[in-house]
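An overview of the molecular structure
If you want the building blocks of each chain, they are given just below.
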Amino acid sequence: MRFVGGKRWFLAPLLLALVFVQSFGTADSSLNYTNYRQVSSMRLERIQRHLDKINKPPVMTIESPDGDIIDCVHKRKQPALDHPLLRNHKIQRGPPERPRVKMVKEDDHRANKSGADDEVVHDVLRSKSLFDFGKKKASVSLARRKDAPDVVSANGHEHAIAYTGSSQEVYGAKATINVWDPSIQVVNEFSLSQIWLLSGSFDGSDLNSIEAGWQVSPELYGDSRPRLFTYWTLSNAIPTNQEVSNQYDISILIWKDPKLGNWWMSFGDNTLVGYWPAELFTHLADHATMVEWGGEVVNSRASGEHTSTQMGSGHFAEDGFGKASYFRNLEIVDSDNSLSSVQTISALAENTNCYNIKSSYNNEWGTHFYYGGPGRNPQCP
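In what follows, the accompanying structure is described.

So, how was this worked out
All residue numbers refer to positions counted from 1 along the written sequence of the respective chain. Local features in a predicted model are, by the rule used here, given only for residues with pLDDT of at least 70; side-chain atom pairs are given and counted only at 80 or more, and totals for whole chains, interfaces and linings are based on all residues. The basis for every side-chain value is the complete set of heavy atoms in the structure, and neither hydrogens nor water enter the calculation. Helix and strand labels come from DSSP, where a helix needs a run of H or I of at least four residues and a strand needs a run of E of at least two; each type is numbered from the N terminus. For the exposure calls, accessible area comes from a 1.4 Å probe over protein chains only, and a residue counts as buried if that area is under 20% of its type's maximum, exposed if over 50%, partly exposed in between. Computed with the Shrake-Rupley method and a 1.4 Å probe, the accessible areas treat only the protein chains shown as cover for residues. Working rule for helices: expected span equals 1.5 Å times residues minus one. Throughout, the arc means the angular range of directions from the helix axis out to the C-beta atoms. One side-chain nitrogen of Lys or Arg within 4 Å of one carboxyl oxygen of Asp or Glu is enough to make a salt bridge. Ring geometry is summarised as follows: Phe, Tyr and Trp rings, the Trp one being its six-membered ring, pair when their centres sit within 6.5 Å, and such pairs are stacked at plane angles under 30 degrees, edge-to-face over 60 and tilted between the two. Here, a disulfide means two cysteine sulfur atoms that sit within 2.5 Å of each other. Should DSSP find at least two bridges between two strands, the strands are taken to pair. To qualify as a nonpolar core, a set must consist of buried Ala, Val, Leu, Ile, Met, Phe, Trp, Tyr and Cys residues joined through side-chain atoms within 4.5 Å. Under this definition, polar contacts are N or O atom pairs within 3.5 Å; protein pairs additionally need one hydrogen-donor-capable and one acceptor-capable atom, and for neighbouring residues in sequence, both atoms have to be side-chain atoms. Two residues form a contact once any of their heavy atoms are found within 4.5 Å.

Looking only at helices and strands, the chain features three helices and 20 strands. When burial is assessed residue by residue, the chain has 54% of its 381 residues classed as buried. Carbon and sulfur atoms make up 48% of the accessible area of the chain, which totals about 16,800 Å².

Below you can see the structure in the form of structure tokens.
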């Protein structure tokens, strides 16, 4: 499928099984969107050729309540199959084997508490290049401890995350994620909350990752609404919270099908979104060695100061329920395709004056944490 109406995306290697749309909120008029009128005819021709190549003829078109237009493309003509590694891929027809729930004694739980076409052209023009169109900005990895998570702040990426150790074999992960609509200072910054599954060299030289969650990225989407996304696939707007007692959250599960080896993603209780074919990966072709849950922002320091782009709800972790954003019921999938609660996590935030994280455990939420922050403030200049 592809998304239009101001949102027309290149959906690379996640093969979509089912996509749904929910929306909430409006575009942020305070953002400084660039005027793209003065563009050379040569560049426009290149953009049109690129769009003609990646956009396949739809078999059906659906308009969402908020005006997004969804073009349904035949499964054998999905753009994902244009990837060189997937040219011989056989689409998985049968449903994957879902993880079983493993019961764990309460005493075993422990938590580490350490801290339209014209519109389509505009979508492309917001990216730095055709190569960058529809892709998340990648972090540049730096040397660090072998068991440290895959995060880096040197190129402007900042995090507040919980993570497992790097010595175990992991075949999936799950969490219920609180959804907000954080403020973004400048159009080329973003704020996201997601699950990372990682395997390979943690100095970044040979690292595989699968990522899914919600993201606010004006540069990618042309608006400031949170959208469900995977690392390669950018899609739906979703409802968000205000500072009230009733909170909206989403459950995301990623796991490896033990029969065919593809990595599947489900949303909510039973909705299959699609899968990443096993052929895409080297290290993740077998299993993951680390899971991360949490938030990430880009700090471009456009004015010479730390960005005021918010992470999560824009509140620090200590503000708690109804104000701070959370991840709850953290779980992992083991080699027996069993889903069990995470017993031990570590926490990391590069600059706790800007964004922070606090983890805990209780019977209802299992292992969970609050995280986020406002960005620039008197203690975060």
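Picking up after the structure, the text goes on.
Compared with an ideal rise of 1.5 Å per residue, which puts 14 residues at 20 Å, helix α1 (residues 41-54) spans 20 Å between its outermost C-alpha atoms and is within 8% of the ideal. All of the buried residues along α1 are I47, L51 and I54. For α1, the angular spread of buried residues about the axis comes to 70°, placing them on one side. Residues S41, M42, R49, D52 and K53 are exposed on α1 and point more than 90 degrees away from its buried face.

We now examine the pattern of salt bridges. Under the counting rule described, the total for this entry stands at six salt bridges. A salt bridge links E97 to R100, with the shortest nitrogen-to-oxygen separation between them at 3.5 Å. Note on E97: relative accessible area 29%, which makes it partly exposed. Judged by its relative accessible area of 41%, R100 falls in the partly exposed class. Taking the shortest distance from any N to any O, the salt bridge between D249 and R328 comes out at 3.1 Å. Of this pair, D249 sits in strand β12 (residues 249-256) while R328 sits in strand β16 (residues 325-333), placing them 79 residues apart in sequence.

On to the packing of aromatic side chains. Evaluated as defined, the whole model comprises nine aromatic pairs. Between F321 and Y326, the ring centres sit 6.2 Å apart and the planes meet at 20°, which makes this aromatic pair stacked. On the basis of relative accessible area, Y326 is assigned to the buried category, the value being 2%. Ring centres 4.5 Å apart and planes at 40° place the aromatic pair Y326 and W365 in the tilted group. You can see Y326 sitting in strand β16 and its partner W365 sitting in the loop between β19 (356-362) and β20 (366-372), a full 39 residues away along the chain. Accessibility expressed as a relative area gives 12% for W365, which makes it buried. Through a chain of ring-to-ring contacts, three or more aromatic side chains come together here, namely F321, Y326, W365 and Y370.

The next thing to look at is the state of the cysteines. One pass over the structure, following the stated rule, counts one disulfide. Note that C354 is cross-linked by a disulfide to C380, the S-S spacing being 1.9 Å. What sets the handedness of the C354 and C380 disulfide is the S-S torsion sign, and at about 95° it is right-handed. Taken together, the residues span a long stretch of sequence, with C354 in the loop between β18 (346-349) and β19 and C380 in the segment after β20 at a distance of 26 residues. For C380, a relative accessible area of 2% translates into the label buried.

So, on to the pairing of strand β7 (residues 172-178). Extensive coverage of β7 is indicated by the burial of six of its seven residues. Two elements, β7 and β12, share seven bridges in a ladder whose sense is antiparallel. The partner of K174 across the bridge, within β12, is L253. Note that β7 and β16 share five bridges and pair antiparallel. Within the sheet, the bridge partner assigned to A173 lies in β16 and is I332.

On to the nonpolar core, then. In this structure, L197, W214, I250, I252, W263 and W293 are the most contacted members of the largest nonpolar core, which totals 57 residues. Among the elements that take part in this core, β12 stands out by supplying five residues, more than any other. Within the second largest apolar cluster, 11 residues are counted, among which are L192, L220, F229 and V298.

Tracing the sequence through the fold places H89 in the loop between β4 (69-72) and β5 (100-101). Among the polar contacts made by the side chain of H89, one reaches the side chain of Y275 at a distance of 2.7 Å. Leaving out residues up to four positions away in the same chain, H89 has contacts with L15, L81, N262, Y275, P277 and E279.

Right, let's get into the environment of G314. By the secondary structure assignment, G314 is in the loop between β15 (290-298) and β16. Measuring from C-alpha to C-alpha, the distance between G314 and A324 comes to 7.3 Å, with 10 residues separating the pair along the chain. In this structure G314 touches G373 and P374, once residues within four positions along its chain are discounted.

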